[in-house]
Amino acid sequence: MLPEDKVDAIIVHELCHIIHKNHSKEFYDLVKEYIPNYDEIDKWLKDNVNAIMI
């Protein structure tokens with residue numbers, strides 16, 4: 001029910017935890033290799049969390 005780019009970002013985020021078990025700079029660098037606009041998507045998700053969780 002989310003836009004496809006948001007779903008992709010969530011999946012990539014979780015898959016990157018296989019390599020980095022934390023939210024370090026290296027973790028986010030890896031995420032951004034696959035989702036270059038991850039910061040924008042992450043902000044959208046945080047801004048819309050209440051609507052998403054309903």
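Keep in mind that this is a model prediction, so the values were computed, not measured.

Draft legend 1. Layout of the packing of helix H1 (residues 4–16) against helix H3 (residues 38–47). The interhelical angle for the contact between H1 and H3, taken along N-to-C directions, is 105°, at an axis separation of 10 Å. One finds that H1 runs roughly perpendicular with respect to H3. Along its contact with H1, which presents Asp5, Lys6, Ala9, Ile10 and His13, the element H3 presents Tyr38, Ile41, Trp44 and Leu45. Partitioning the contact of H1 with H3 into residue classes produces six nonpolar, one polar and two charged.

Draft legend 2. A look at helix H2 (residues 25–34). Within the sequence span of H2, burial applies to Phe27, Leu30 and Val31. The buried residues of H2 all sit within an arc of 100° when viewed along its axis, so they share a single face. Away from its buried face by more than 90 degrees, H2 exposes Lys25 and Glu33. The inward-facing, buried residues of H2 abut H1 and H3.

Draft legend 3. Looking closely at the nonpolar core. If you look at the biggest cluster of nonpolar residues, it comprises 10 residues: Ala9, Val12, Cys16, Phe27, Leu30, Val31, Ile35, Tyr38, Ile41 and Leu45. If you list the elements that add at least two residues to this core, you get H1, H2 and H3. Those residues in contact with Cys16 that lie beyond four places of it in its chain are Phe27, Leu30 and Val31.

Draft legend 4. Representation of the pattern of salt bridges within the structure. Per the stated rule, a full pass over the model turns up five salt bridges. Lys6 serves as the salt-bridge partner of Asp5, at 3.1 Å between the closest nitrogen and oxygen. Given the relative accessible area of 32%, Asp5 is considered partly exposed. Of the charged contacts in the structure, one is a salt bridge between Asp39 and Lys32, with a shortest N-O distance of 3.0 Å.

About the criteria used
- Residues numbered from 1 in each chain as written.
- Predicted model: local features only at pLDDT ≥ 70, side-chain atom pairs only at ≥ 80, totals over all residues.
- Heavy atoms only, no water.
- Axes fitted to C-alpha atoms, helices over the stretch in contact; angles between N-to-C directions.
- Helix = DSSP H or I, 4+ residues; strand = E, 2+ residues; numbered from the N terminus.
- Parallel < 35°, antiparallel > 145°, perpendicular 65-115°, else oblique.
- Contact = heavy atoms within 4.5 Å.
- Nonpolar A, V, L, I, M, F, W, Y, C, P; charged D, E, K, R; others polar.
- Buried < 20%, exposed > 50% of the residue type's maximum accessible area, 1.4 Å probe, protein only.
- Arc of directions from axis to C-beta.
- Core = buried A, V, L, I, M, F, W, Y, C linked by side-chain atoms within 4.5 Å.
- Salt bridge = Lys/Arg side-chain N within 4 Å of Asp/Glu carboxyl O.

The analysis is restricted to geometry; functional conclusions fall outside its scope.
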